[in-house]
Amino acid sequence: MKKFFVDPDIRRAETLPAYFYQDPEVFDSLKERVFYRSWQWCGDKRLVPQTGSAYPFEFIEGYITEPMLLVHSHDKGVKCLSNVCTHRGNILISKPGKVSQLVCGYHGRRFDLDGRFQSMPEFKEAIDFPRPCDSLHEFRLWNWNGFLFTAIDPLFDFSEVAKVLDERLGFLPLEEFKLDKSLSRDYLVNCHWALYCDNYLEGFHIPFVHEGLNEVLDYGEYETVLYRHLNLQIGYATDSDEVFDLPEGHPDYGRKVAAYYYCLFPNMMFNFYPWGLSVNIVKPISPDQTMVSFISYVCDGSKLDRGAGAQLHTVELEDEEVVEAVHKGLKSRVYKTGRFSPSRETAVHHFHSLLANYLNEA
């Protein structure tokens, strides 16, 4: 596979080439070199509210199908364990529920709620048994104000992300945010997953694509802040729109913030509005298709239909129309690569640089 280069100087840099979004080999390499090294959303702690609660899931549903299990153990709170029996590889738990221990339905191997091997029928004659590997593998888990994230082999610690999030969001009653399934849904988008992220990472297109959103955001004040594996876009409101009530000492105190848009590399967006949070998880399917899951948490329902956080479905459909058109355009025989706006596309440049660096690693 060819090496990718994104000039660190955005004034000179070119975007990733068109074939990045089309080549099946590149698509497969992104799975191995980017997603297996990433942190991913598990849900919230209410999935396992009490001791013995168990919740099975896949690392990235339909894409990286690593079987995982959230378990509320007796002594150590919520843990993320492998959902695969260490005897013959059977799936241990197939649906959420409450258990006293983890028992394999194939041959009866038993584990406690911390994943430690407990017993196994017909193994008295086995030599050097049990071994440490006969217990369940434990994956890293980070609980950020009740929201859960896990990783298989991460290249960075989630603490660096949590520190950045806390800087501006620490004043919010995040533990009180309630999942609203009526506002949550999946979107099938006919484009490469990274192209969807490219679009999210800049407000440059807002005046051209989102008429309604442009009316409530001050485009001239729109701001982007870059971190190592995270970036933040801040949408400031026009005079009459819904804004956060920021406390004294807050980095943005005195400013009319309508929305905080965080993107965690490579594929997770956390959009905070005065009414609550919209989580967007971008799940690759193929070089030509992506599933985007919108998961909504509400803290003040009276503000749902006002400001930058209103009409999210309409904004999503507008975004889908443009990214699907760009995906088609990238198949042109004459288009090779583009350039970045130094003032408006710093987050896209940052994203492309990270992708190139991850892919180029041996």
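What you are looking at is a predicted structure, and each value in this text was computed from that prediction instead of being measured. (Residues numbered from 1 in each chain as written. Predicted model: local features only at pLDDT ≥ 70, side-chain atom pairs only at ≥ 80, totals over all residues. Heavy atoms only, no water.)

Engineer: Report on the pattern of salt bridges, specifying residues and quantitative values.
Structural biologist: Applying the stated criterion across every chain yields a total of 21 salt bridges. With its nearest N and O atoms 3.6 Å apart, the salt bridge here joins aspartate 114 to lysine 79. With aspartate 114 in the loop between β7 (110–111) and β8 (117–119) and lysine 79 in strand β4 (residues 78–82), this pair connects stretches of sequence that are 35 residues apart. Across the pair arginine 255 and glutamate 221 runs a salt bridge whose closest N-O atoms are separated by 3.0 Å. With arginine 255 in the loop between β14 (230–236) and β15 (257–264) and glutamate 221 in the loop between α5 (211–216) and β13 (223–226), this pair connects stretches of sequence that are 34 residues apart. Its relative accessible area of 36% is what places arginine 255 among the partly exposed residues. Among the residues examined, glutamate 221 registers a relative accessible area of 39% and is labelled partly exposed. Salt bridges sharing common partners tie together Lys79, Asp112, Asp114, Arg116 and Glu138. (Salt bridge = Lys/Arg side-chain N within 4 Å of Asp/Glu carboxyl O. Helix = DSSP H or I, 4+ residues; strand = E, 2+ residues; numbered from the N terminus. Buried < 20%, exposed > 50% of the residue type's maximum accessible area, 1.4 Å probe, protein only.)

Engineer: Kindly report on the sheet that holds strand β1 (residues 39–44), identifying the contributing residues and their values.
Structural biologist: Paired through backbone hydrogen bonds, the strands of a sheet run either parallel or antiparallel to each other. Strand order in this open sheet of seven strands is β1-β10-β9-β4-β3-β2-β5, and the pairing throughout is antiparallel. The outermost strands of the open sheet, each flanked by one partner alone, are β1 and β5 (97–98). Bridge count between β1 and strand β10 (residues 147–151): five bridges; the pairing is antiparallel. When the sheet's bridge partners are listed, tryptophan 39 is paired in β10 with alanine 151. (Pairing = 2+ DSSP bridges.)

Engineer: Explain the packing of helix α3 (residues 193–200) against helix α6 (residues 312–329) to me, using residue names and the numbers behind them.
Structural biologist: Two elements in contact, α3 and α6, have axes whose closest approach is 10 Å; the angle formed by their N-to-C orientations is 125 degrees. Put simply, α3 runs oblique to α6. For the pair α3 and α6, the sense of crossing is right-handed. Here Leu195, Tyr196 and Asn199 of α3 come into contact with α6, specifically with Glu316, Asp319, Val322, Val323, Val326 and His327. Across the contact of α3 with α6, the residue classes break down as five nonpolar, two polar and two charged. (Axes fitted to C-alpha atoms, helices over the stretch in contact; angles between N-to-C directions. Parallel < 35°, antiparallel > 145°, perpendicular 65-115°, else oblique. Left-handed = near helix turned anticlockwise from the far one by under 90°. Contact = heavy atoms within 4.5 Å. Nonpolar A, V, L, I, M, F, W, Y, C, P; charged D, E, K, R; others polar.)

Engineer: Give me the lowdown on the packing of α3 against helix α7 (residues 346–360), citing residues and values where you can.
Structural biologist: The interhelical angle for the contact between α3 and α7, taken along N-to-C directions, is 150 degrees, at an axis separation of 9 Å. In terms of orientation, α3 and α7 fall into the roughly antiparallel class. Seen along the crossing, α3 lies across α7 with a hand that is right-handed. Residues Trp193, Ala194, Cys197 and Asp198 of α3 form the contact with α7, whose participating residues are Val348, Phe351, His352 and Leu355. Within the contact of α3 with α7, the residues separate by chemical class into six nonpolar, one polar and one charged.

Engineer: A description of the state of the cysteines should follow, citing residues and the corresponding values.
Structural biologist: Within this structure, the stated rule accounts for zero disulfides. Cysteine 85 takes part in no disulfide bond, and the closest cysteine sulfur, belonging to cysteine 104, lies 3.8 Å away. There is no disulfide at cysteine 263, and the cysteine sulfur nearest it, in cysteine 197, is 5.6 Å away. (Disulfide = S-S within 2.5 Å.)

Engineer: Any details on the sheet that holds β7? Residues and values, ideally.
Structural biologist: The strand order β6-β7-β8 describes an open sheet built from three strands, whose pairing is antiparallel. This sheet does not close on itself; its edge strands, each paired only once, are β6 (102–103) and β8.

Engineer: Help me get a handle on α6, residues and values and all.
Structural biologist: Helix length check: α6, at 18 residues, gives a terminal C-alpha distance of 26 Å against a target of 26 Å (1.5 Å per residue), a fit within 8%. Leu312, Val315, Glu316, Asp319, Glu320, Val323 and His327 are the residues of α6 that are buried. Buried residues of α6, seen end-on, are gathered within an arc of 140 degrees and therefore sit on one face of the element. The outward face of α6, more than 90 degrees from its buried face, is lined by the exposed residues Glu321 and Lys328. Those residues of α6 hidden inside the fold are in contact with β12 (185–189), α3, β16 (268–273), β17 (276–286) and β18 (289–298). (Expected span 1.5 Å × (residues − 1). Arc of directions from axis to C-beta.)

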